[in-house]
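Summary of the model geometry
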Amino acid sequence: MPKPPIRNLLAACLLLALAGVPLSPRISHAADIRLSLNASWNGESVLAADPNHPDHLAVAWMRANSGLVTIQVSRSLDGGQTWSAPALLPHLRAGLTSADPQLYWARSGTLYAGYIDSDGGPYTIGGDLVTRSLDGGLTWDTPSMAASIADTTLPADRPWLAVDESNGPYHGRVYSFSKNVSSAPHPQHVWFTSSSDDGHTWAPVRILDTQIPLGPSTGSMAVPAVGADGTLYAAYLSIDPLLSVQPRFVLAASADGGATFTESAITTLPINAALAATDTLDQLSWHLGAHPSQSGRLVFAWIDARDGDPDVWSCTSADGGHTWSLPQRVNDDPVGDGAHQDMCWGAWSPGGAYVLAWRDRRGQTGGQLAPFRIYAARSLDGGVTFQPNVAISQTASPVVNFSKGDDFLGIAASDTAAFATWADARNGPIAVQLYTDRATLAAPVLGAPAPDARPGAVRVLGSPGTGPFTVAFTAWATGEAMVECLDVSGRRVAGCRVAATARVPALAALADRALPPGVYEVRVTLGARTERARAVALGH
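Since the structure is predicted, the reported quantities are computational estimates derived from the model, not experimental observations.

1. Describing the pattern of salt bridges
Side chains carrying opposite charge are able to pair once their charged atoms draw close together. Counted by the stated rule, this structure contains 20 salt bridges. The closest approach of N and O atoms between Asp360 and Arg362, which form a salt bridge, is 2.9 Å. Across the pair Glu480 and Arg497 runs a salt bridge, and its minimum N-O distance is 3.4 Å. Of the two residues, Glu480 sits in strand 31 (residues 479-486) while Arg497 sits in strand 32 (residues 492-500), which places them 17 residues apart along the sequence. Salt bridges here are not isolated pairs; linked through shared partners, they connect Asp282, Asp342, Arg359, Arg361 and Asp406.

2. Brief notes about the packing of aromatic side chains
Within this structure, the stated rule accounts for ten aromatic pairs. Between Phe300 and Trp302 the ring centres are 5.5 Å apart and the planes differ by 25 degrees, which places this aromatic pair in the stacked class. Accessibility classification places Phe300 together with Trp302 in one group, the buried group. An aromatic cluster is defined as three or more aromatic residues linked by ring pairs; in this entry it consists of Phe249, Trp286, Phe300 and Trp302.

3. Remarks on unusual backbone geometry
The amide bond that connects Gly121 to the next residue, Pro122, takes the cis arrangement and shows omega of 20 degrees. Each neighbour pair has its own omega, and for His186 with Pro187 the value is 0 degrees, a cis peptide bond. Examined against the element boundaries, Pro187 turns out to sit in the loop between strand 11 (174-179) and strand 12 (190-195). The residue Glu44 is not glycine, and still its phi comes out positive at about 50 degrees. Looking at the element boundaries, Glu44 is found in strand 2 (residues 42-50). The exposure class of Glu44 is buried, given its relative accessible area of 0%. Unusually for a residue other than glycine, Met343 sits at a positive phi of about 55 degrees. Take Met343: it is sitting in strand 22 (residues 341-348).

4. Description of the side chain of Ser74
Tracing the backbone through its elements, the reader meets Ser74 in strand 4 (residues 68-76). Exposure remark for Ser74: the relative accessible area of 1% places this residue in the buried category. Setting aside chain neighbours within four positions, we find Ser74 in contact with Leu57, Ala58, Val59, Trp61, Trp83, Ser84 and Pro86.

5. Brief notes about the side chain of Ser118
Examined against the element boundaries, Ser118 turns out to sit in strand 7 (residues 111-118). On the basis of relative accessibility, which here comes to 3%, the residue Ser118 falls in the buried class. Polar contacts involving the side chain of Ser118 include one to the main-chain amide nitrogen of Gly120, which spans 3.0 Å. Residues contacting Ser118, with those up to four places away along its chain left out, are Leu96, Thr97, Tyr123, Ile125, Gly126 and Ile149.

Rules of the game
- Residues numbered from 1 in each chain as written.
- Predicted model: local features only at pLDDT ≥ 70, side-chain atom pairs only at ≥ 80, totals over all residues.
- Heavy atoms only, no water.
- Salt bridge = Lys/Arg side-chain N within 4 Å of Asp/Glu carboxyl O.
- Helix = DSSP H or I, 4+ residues; strand = E, 2+ residues; numbered from the N terminus.
- Phe/Tyr/Trp six-rings, centres within 6.5 Å; stacked < 30°, edge-to-face > 60°.
- Buried < 20%, exposed > 50% of the residue type's maximum accessible area, 1.4 Å probe, protein only.
- Contact = heavy atoms within 4.5 Å.
- Polar contact = N/O pair within 3.5 Å; in protein donor to acceptor, adjacent residues only side chain to side chain.

In structure tokens, the structure reads:
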């Protein structure tokens, strides 16, 4: 979000030190890699992995630079072990300050970056910029402006990106979602715009929360995702007592490229969840993820304190958000132990594994002021269940002790690793640095369909582009099912027959080799009924 000038943040840190808050000694730990090498403040990173080469990573973050903030981007070709010299994303003009970087790495190879560039208040110049890189983040083209703060509503905070990578009618469309800056007049909203020419020109911004408004909230962001079938989704928080006495997370869905949206509740938060509408040191974030190859499969994750302290929660949908599972607690420390988990974010691997990461204070005392490590959990069934938590960072870090300027961490995933970047105060509260590390995960063993699968549900397990894959379905009748995989021309490229029992999950091993990159249709025919799913082969 737009931040006060960095000199104010540094002054606040200095006052904390003078007031008796001890400076943390420098900790050297070989497993956590320090990305930033400057002596000034760094924060709010975002991480992306090339879906065609998941060990190729790009990171963008905010860095204090001569009293202002600049966005830096660096890339790694070896899974985060070494990084290129940072490239600086351009300002609109000298003297402006930047914030809220966002990266999106498309299967085409294009790496998109979005960020705010403005005067930082009183907001008379600037807006949300989008630029592109064709070499993994080393060089960038001239940015375009997706949303301008010349608009008196100031719709230019937290500009998150999404790209339609389906083979549908809106393939290649780029979306940018944002919210009002906190000082904008009320009522505030979440906003969106789109580009049909690869992010070079943009449609006028439009209000997203038309059917279910934000209400009096000033902190609600819209987190977007595009499904495998091209459906556009965005999730935001509504705290509107005129419609609900309880806060609700809302899903806006569009099947026509953003021309129209349907809004519905994802989950309602208990009154005792204590979800703050304003920033604290606990960053009460949320994330929406759409499966890269299964149409309609969504995962939503958020932070709330219904069990007495902030925890990571999630729910999942198999039908594009029409119905959602009950909330499940993702962090696996003891319930109600007083440890604060916060700042959650998520990412999909090319093969369809979903990884959530967050700041975790388990084993520490002191609430939101306690030192944290980065933890993660992986789901192999689209968010229905999660494997045991794993630690990514190796050293507990003192919390960055101010409420604005440290809102996000970076997360990316391959099929066998989770990567993270985060702001870290182990070198002291003034020279906050950016660190990275990875957790190696076991190769996915994709098993039976999710236990909540209903008759007719068809899912593709594994990536057709990396080897043999499996089709999971819940049979709607008893008999022999024909399972087929067809390319975009309708030509059958793989198939088999399996015995099926009504209402019982079944698995069909499909193809004995990796398929060429492309989009495929999987069909399951049983009796007179055929059900379909989409599979995406990303290549090697």
